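# Per-entry structural report
This is what each chain is made of:
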Amino acid sequence: MDIPTDVWGQLALEASQVYLTEGGQVRSPFASTTIEKLPDKVLLNIFSYLTHREICRMATVCKRWRMVAYDTRLWTHVSLRPEISGLHVGSLESLLALISIRFGPSLRYIELPIELITHTVLHELAAKCPNLTHMLLDFSTAMQLHDFSEMQAFPTKLRYLCICLSEVIFMEGFMRKIYNFINGLEILHLIGTYEKVEEEEEEIYEVINVHKLKSATPNLRVINLYGINFVDDSHIDAFSSNCIQLECLAVNYCNKVTGSTMKTLFQRSRRLTCLLMNGCSLQSEYVMQVEWEKSSIQELDVTATDLSTECLIDMLSRIPNLRFLSAGQINGFNDSVLKAWIEAGTARSLVALDVDSSDNISDEALLRFLSRHGGQLWGLVLSGMPHITDQLWQSVLHLLTNARILIMGTQERLGVNIHVDQLMDGIANSCPNLERLELRWDPENLRFSDKSQKAIDVLRVKCLKLKCLVLSDGRYYEIVKANFERADRTTVVRTSTNCRVSNYYLLSNYKDLIFN
């Protein structure tokens, strides 16, 4: 509701007035106004910007703040994994009290570590939190499961379930107790131990029965099987046989997947628009058997696979509406692939392209492709290629007027210098919609002048949507960070040690694919 101008004038007049105390000193009419005078609803709104750890500290200030801090509206999304920025709960009794008193019907999302996953806790969540729709169960550090033989209840309104698997603990004793409660699931994450695997090969156990799980979850739209060392093509076939609503399938870092059931997958899953297979052991012959021209696929990730040039040309020439392609770290992706793709005319819908570390693509081929399609791109990744320097970027930036995400540079020490002032100026003047930018060049290769502040100012002022600017730690990073901090944009500039940018932000199911 708009406030009348005369009211604003009166408020301004009152704010400008001063009063004299008995001693003749000047006193503002707001001198006695403190945070204690704020209404509870304003305090509640302020507290909503805090983490739960900070809210718990606020609760120790006074009785009123304690009452506000324990308002169930502040406890809709709760993580109880202290190693991942969550709260530490000392005992099961404490958690049961929290569920009953503090969480209640407001709870929508919860993360539980192995020590808090018991039938008693799950019973209490089912009884006291009827609106719980998102749950993460972390079994990754488990050496032994609790006894679930007496478990008779489980939250029934779950739409999102994430299970972090253990390498050695078999889950069937727990899973068979929950099958009857999870048929409404739409999003399923099974997170493996890919990042924990040591170089020495150890015996692999199939710790969860995917074939039984697929029968209990017929309504899945999004399936993410991340880094699971036992998942192979038979498991993909199992899900596709029962999940007719499937829109997005991610099997990143499942290195036993070869693609032998991909043809059947697309024949069954007519709604499948997103397929992510980064780091899989795809075989070109299987990929070429897929009826790509009849599929609905729009988003595809085949990064770090061994697909041949022939296979890539065949696939890209037959996918009619591809919007998102991630095909970095593939030796077979070369100039011939880009040329054939242009000639086939099937890149007309493309909005995101990632060819990271594709050393067999020349800058001339990239220039031809971007001259044709650069104006339609929202995301472009040309990193990890020593021969792609600021010269190519300067020549194509004027084409990238719709870019939201740009990633450039390589961490290798180069024999040439990168003139970053001119590059920043070109980005600022050509990409007004830019949201995320990463420069991966070694700090020693960046050349900038005493007038760098001007170029950074132009970037900061013209790219108002910029949320994230990632640079390698060094002198230039410090200059850029200080510039943005002076403008009170303290969270924008980050180091490549703590943050990496990706085109994945542009995936249509990005929010569903996030797991913690």
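Anyway, here's the lowdown on the structure attached to this text. (Residues numbered from 1 in each chain as written. Predicted model: local features only at pLDDT ≥ 70, side-chain atom pairs only at ≥ 80, totals over all residues. Heavy atoms only, no water.)

## Some details on the packing of helix H5 (residues 92–103) against helix H6 (residues 119–128)
Note the threshold: What counts as an axis is a line fitted to C-alpha atoms, over the stretch in contact for a helix, and the angles between N-to-C directions run from 0 to 180 degrees. A run of H or I in DSSP counts as a helix once it spans at least four residues, and a run of E counts as a strand once it spans at least two, with each numbered from the N terminus. Our angle categories are set so that under 35 degrees counts as roughly parallel, over 145 as roughly antiparallel, 65 to 115 as roughly perpendicular, and the remainder as oblique. Contact definition: two residues touch when any of their heavy atoms are within 4.5 Å. Side-chain classes are defined by residue name, with Ala, Val, Leu, Ile, Met, Phe, Trp, Tyr, Cys and Pro counting as nonpolar, Asp, Glu, Lys and Arg as charged, and the others, Gly among them, as polar.
At a minimum axis distance of 10 Å, the contact between H5 and H6 shows a crossing angle of 5 degrees. With respect to H6, the axis of H5 lies roughly parallel. Contact with H5, carried on its side by Leu-92, Leu-95, Leu-96, Ile-99 and Ser-100, involves Thr-120, Val-121, Glu-124, Leu-125 and Lys-128 of H6 and no other residues of that element. Residues of the contact of H5 with H6, tallied by class, amount to six nonpolar, two polar and two charged.

## Points about the side chain of Arg-102
So the rule is basically this: With a 1.4 Å probe rolled over the protein chains alone, any residue whose accessible area is under 20% of its type maximum counts as buried; one over 50% counts as exposed, and the rest are partly exposed. In this tally, Asp and Glu contribute negative charge and Lys and Arg positive charge; neither His nor the terminal groups of the chain are included. Salt-bridge detection follows one rule: a side-chain nitrogen of Lys or Arg within 4 Å of a carboxyl oxygen of Asp or Glu. For this analysis, a polar contact is any N or O atom pair within 3.5 Å, provided that within protein one partner can donate a hydrogen and the other can accept it, and provided that sequence-adjacent residues contribute only side-chain to side-chain pairs.
You can see Arg-102 is positioned in helix H5. Of the buried charged residues, Arg-102 lacks a salt bridge, with Asp-71 as the closest side chain of opposite charge at 10 Å. In terms of polar contacts, Arg-102 uses its side chain to reach the side chain of Tyr-70, at 3.4 Å. Apart from the residues within four sequence positions on either side, Arg-102 is in contact with Cys-56, Tyr-70, Thr-72, Trp-75 and Ala-97.

## As for the pattern of salt bridges
By the definition in use, this model includes 21 salt bridges. Taking the shortest distance from any N to any O, the salt bridge between Arg-323 and Glu-299 comes out at 3.5 Å. Taken together, the residues Arg-323 in the loop between helix H12 (309–318) and strand S12 (324–326) and Glu-299 in strand S11 (residues 299–301) connect sequence positions 24 residues apart. By relative accessible area, Glu-299 is classed as buried at 1%. The salt bridge partner of Asp-457 is Arg-460, with a shortest N-O separation of 2.7 Å. Of this pair, Asp-457 and Arg-460 both sit in helix H17 (residues 452–462), three residues apart, roughly one helical turn.

## Some words on the nonpolar core
Rules: The criterion is simple. A nonpolar core is a set of buried Ala, Val, Leu, Ile, Met, Phe, Trp, Tyr and Cys residues joined through side-chain atoms within 4.5 Å.
One finds Leu-112, Leu-125, Phe-174, Phe-333, Trp-393, Leu-406 and Leu-469 to be the most contacted residues of the largest nonpolar core, which totals 149 residues. Among residues more than four places away in sequence, those in contact with Trp-393 are Leu-380, Leu-382, Ile-388, Leu-400, Leu-406, Ile-407, Met-408, Leu-423 and Trp-441. One finds Val-222, Val-351, Val-501 and Leu-507 within the second-largest nonpolar core, a separate group that totals 26 residues.

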